[in-house]
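Fold and contact review
Given next are the chains, with one letter for each unit.
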Amino acid sequence: MFNIDLWREIFQNIAKNKLRTILSGFTIAFAILLFTLLSGIGKGLMNNFTEQFASDAYNSIYIWSGKTSKPYKGLQSGRDIQFKNDDFRFILDEFDEELEMVSPRIQRYNVKAVYKAESYRYTIRAVYPSYQVLESAKMEAGRFLNMLDLEERRKVVAIGRLVAQDLFGVRNAIGKSISLDDISYRVIGVFNDPGGDNDERFIYMPFSTAQRLYGNTDHLDEFGLTYDPGYSSSKALSFGTKILKKLKAKHKISPRDQSGIRMFNYAMRNEQVNGMMIGLNVIILFIGIGTLIAGVIGIGNIMVYIVKERSKEIGIRKALGATPRSIVGMIMQESIFVTALAGYFGLLMGMFVLELIGSNLNDYGIVDPSVGTSVIVGATIILVLAGTIAGYVPAKQAARIKPIEALNDD
Amino acid sequence: MIKIENLHKSYPIGKDSLHVLKGIDLHIKEGEFVSIMGSSGSGKSTLLNIVGLLDEHDEGDYFLNGKKIEKLDEKKAAVLRNKFLGFVFQSFNLIAYKNALENVALPLYYKGVGRKERQKIAMEYLDKVGLKDWATHLPNELSGGQKQRVAIARALVTKPKVVLADEPTGALDSTTSESVMELLKEINDEGMTVFVITHEEDIAAQTDRIVRLKDGIIMSDELVHKEKVKTL
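Residues numbered from 1 in each chain as written. Chains lettered and ligands numbered in written order. Predicted model: local features only at pLDDT ≥ 70, side-chain atom pairs only at ≥ 80, totals over all residues.

1. Description of the interface of chain A and chain B
- In this assembly, 17 residues from chain A lie in contact with 21 residues from chain B.
- When residues in the side of chain A that touches chain B are grouped by element, the largest group, 4 residues, is from helix H10 (residues 311-319) of chain A.
- Of the residues that constitute the side of chain A that touches chain B, the class distribution is 8 nonpolar, 3 polar and 6 charged. (Contact = placed C-beta atoms within 7 Å. Helix = DSSP H or I, 4+ residues; strand = E, 2+ residues; numbered from the N terminus. Nonpolar A, V, L, I, M, F, W, Y, C, P; charged D, E, K, R; others polar.)

Structure below.
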């Protein structure tokens with residue numbers, strides 16, 4: 001119900017009592033400003049985490065080999081463990097049900113890549129086509145490796161965005177030939193990777209091609225795999241342990257040997273990060289709500305004082321025929337209006353400050369701090385609630401003022 | 001217009017209670033100009049508050065405009081005040097941040113009159129009390145007499161049945177007191193019931209009927225013989 005006369009009264013009250021309005025508005029504006037900054041910075045911290053961890057599939061496990069550190073079943077310690085193709089088949093057979101994908105990997109560092117006059121050194125990875133999922137790589141042009149490439153041991157490569165930039169500049173890389181360690185390969189695709197610059201400086205070639213060209217053995221360096229994405233983190237952790245146990249048994253490594261075969265399970269990190277994110281959210285929520293409550297109490301205090309100051313005026317109004325409801329309505333509407341306006345001002349100030357300093361906070365692990373629509377909607381609701389609460393108690397008090405007492409009180 | 005029968009009122013003071021009004025019987029007819037006299041503590045302000053629906057009585061009956069006043073909640077009391085009663089106070093009680101016109105128009109706001117209409121009516125009443133040219137002035141720019149005229153205009157603006165004046169000249173010098181009383185007399189001549197509370201003999205003498213109150217009881221209730229007053 002819009003009542004223009006009531007609004008006129010309220011605007012006159014506000015305009016004629018500027019100091020009082022500014023005092024009460026300042027409290028709430030400051031509270032909202034702090035709240036906005038806090039939630040913006042919290043968002044920034046979270047952005048930082050998400051950015052760092054979005055680079056690879058979250059349900060990944062990497063397994064690689066090393067030297068044993070314990071003697072076991074008559075074998076000495078210090079033995080080199082070398083994965084071979086039959087380990088790949090072993091994993092495929094044993095864990096067919098649980099796996100989403102698995103790919104072996106051979107990695108070669110500092111391989112010289114040449115296209116015409118351009119020459120740079122990159123890390124080369126020889127993998128199966130499904131490896132693309134592990135890296136969360138997206139094709140910018142052309143395609144990634146496919147099974148036919150592997151079966152025919154084709155000399156083809158998919159190159160990272162930055163590799164294409166180094167070697168080809170703005171020219172199209174697809175279909176061109178580049179030489180890696182003096183062997184010529186055809187470029188079939190260019191990919192980008194959310195993992196950042198390092199991940200965009202890789203060159204991928206078919207696993208079988210690399211095995212043939214580098215040593216002509218059935219050796220491999222590493223496995224990358226993903227499990228059923230529906231697994232809980234505890235199930236994912238026990239799944240990782242199970243693989244490790246079976247592989248150790250196959251290679252006759254002591255179950256307590258930590259260095260024969262190593263594993264990195266993302267689930268472990270996810271669990272830590274999730275815990276930290278929840279903790280961070282709780283802290284921010286706690287501080288934010290605390291700040292808001294302080295603001296509401298502050299404005300409530302000021303409203304109590306205002307009602308006291310205005311008790312005579314309210315007494316006069318009542319003597320002239322103001323009903324208790326009209327008094328409550330007037331004071332609450334004024335309070336809600338002032339809190340909402342001041343709060344919105346605080347919100348805008350907060351957003352402005354975040355915009356201003358946001359880009360300078362990268363060094364402190366705060367990436368692109370900002371407030372989302374949900375925060376704005378939430379803050380607006382909180383503001384109106386705050387105004388209502390802050391206005392209600394003193395308004396009730398005002399409605400109870402007996403005109404005689406107020407009028408005799410000179 | 002106002003009919004009071006065996007009215008009692010006491011206020012609690014700590015564990016005891018102070019019996020202020022001890023059985024008042026009073027009947028004021030429409031168009032009368034009555035003053036209530038009494039020293040402080042006689043109960044005259046309490047009587048005014050009860051008559052003005054600013055306070056409730058404990059015992060007895062109070063009829064305002066033929067309607068029995070009982071179990072009034074605040075809302076009903078507010079509506080009745082707005083409809084039937086106009087107040088004039090000793091300390092004027094104008095709202096400091098509203099100008100004369102806005103102060104006069106305020107009761108009409110609570111009556112639910114539209115803004116344009118409010119201002120038109122308020123201006124008529126300011127004109128009536130001779131302050132048309134002061135409409136846009138704030139109370140602190142007006143003299144005491146002018147403030148009380150604004151307050152009287154405000155009391156009249158809703159066309160009430162009764163104007164209740166609590167020591168209307170208490171804060172004014174004798175000359176301005178005179179002119180304020182003149183104004184009240186004029187209003188009474190137009191048919192308005194006027195009910196004045198005072199402790200000054202010469203103010204009471206200008207009304208038509210004096211009711212003397214002492215220790216919560218009516219001591220005397222007599223009509224004033226104007227000729228006799230003039231010779232004094």
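2. What to know about the sheet that holds strand S7 (residues 162-166) of chain B
Residue and element names in this part refer to chain B.
- Strand order across the open sheet formed by 6 strands is S6-S7-S8-S3-S9-S10, with mixed pairing between neighbours. Single-partner strands in this sheet number two, and they are strand S6 (85-88) and strand S10 (217-223). Strand-to-strand twist in this sheet, taken as the mean axis angle between neighbours without regard to direction, amounts to 15 degrees.
- Docked against the sheet, helix H5 (residues 144-156) engages S6 and S7, running at close to 170 degrees with respect to S6. (Pairing = 2+ DSSP bridges. Axes fitted to C-alpha atoms, helices over the stretch in contact; angles between N-to-C directions.)

3. Describing the packing of helix H11 (residues 324-357) of chain A against helix H12 (residues 373-400) of chain A
All names here are of chain A.
- Viewed as axis vectors pointing N to C, H11 and H12 meet at an angle of 150 degrees, and their least axial separation amounts to 7 Å. In this structure, H11 meets H12 at a crossing whose hand is right-handed.
- A per-class count over the contact of H11 with H12 returns 19 nonpolar, 6 polar and 1 charged. (Left-handed = near helix turned anticlockwise from the far one by under 90°.)

4. Describing the confidence of the model for chain B
- Summing up the model confidence of chain B, the mean pLDDT is 87 and the portion of residues at 70 or higher is 97%.
- Contacts for the low-pLDDT stretch residues 228-232 of chain B, under 50 throughout, to residues beyond four places or in other chains number 2 contacts. (pLDDT = per-residue confidence, 0-100.)

5. Comments concerning helix H4 (residues 115-128) of chain B
Residue and element names in this part refer to chain B.
- Its 14 residues give H4 an end-to-end C-alpha distance of 20 Å, which sits within 8% of 20 Å, the value for a rise of 1.5 Å per residue.
- Residues of H4 that are buried include every one of Arg118, Ala122, Tyr125 and Leu126, and no others. Down the axis of H4, the sector holding all buried residues measures 105 degrees, keeping them to one side. Residues of H4 that are exposed and point more than 90 degrees away from the buried face comprise Lys116 and Glu117.
- Where H4 is buried, its residues meet helix H3 (100-111) and H5.
- Taken from the residues just after H4, Gly130 is the one with a positive phi, measuring 80 degrees. (Expected span 1.5 Å × (residues − 1). Buried ≥ 20, exposed ≤ 12 C-beta atoms within 10 Å, placed from the backbone. Arc of directions from axis to C-beta.)

6. Let's talk about the environment of Ile41(A)
All names here are of chain A.
- Inspection of the secondary structure puts Ile41 in helix H2 (residues 18-53).
- A residue is classified by how many C-beta atoms lie within 10 Å of it, and Ile41, with 18 of them, is partly exposed.
- Along the sequence, Ile41 and Leu354 sit 313 residues apart, while their C-alpha atoms lie 8.1 Å from each other.
- Setting aside residues no more than four positions away along its own chain, Ile41 makes contact with Ile366 and Pro369.

7. Notes on the sheet that holds strand S1 (residues 2-13) of chain B
All names here are of chain B.
- What the 4 strands build is an open sheet, ordered S2-S1-S4-S5; its pairing is antiparallel. With one partner strand each, in any of the chains shown, strand S2 (16-28) and strand S5 (67-68) form the two edges of the open sheet.
- As judged from the 2 bridges shared by strand S4 (residues 59-64) and S5, these two strands associate in the antiparallel manner. Directly across from Phe63, in S5, lies its bridge partner Lys68.

8. What about helix H9 (residues 266-309) of chain A?
- End to end, H9(A) covers 63 Å across 44 residues, agreeing with the expected 64 Å (1.5 Å per residue, within 8%).
- All of the buried residues along H9(A) are Tyr266(A), Ala267(A), Gly288(A), Leu292(A), Gly295(A), Val296(A), Ile299(A), Gly300(A), Ile302(A), Met303(A), Ile306(A) and Val307(A).

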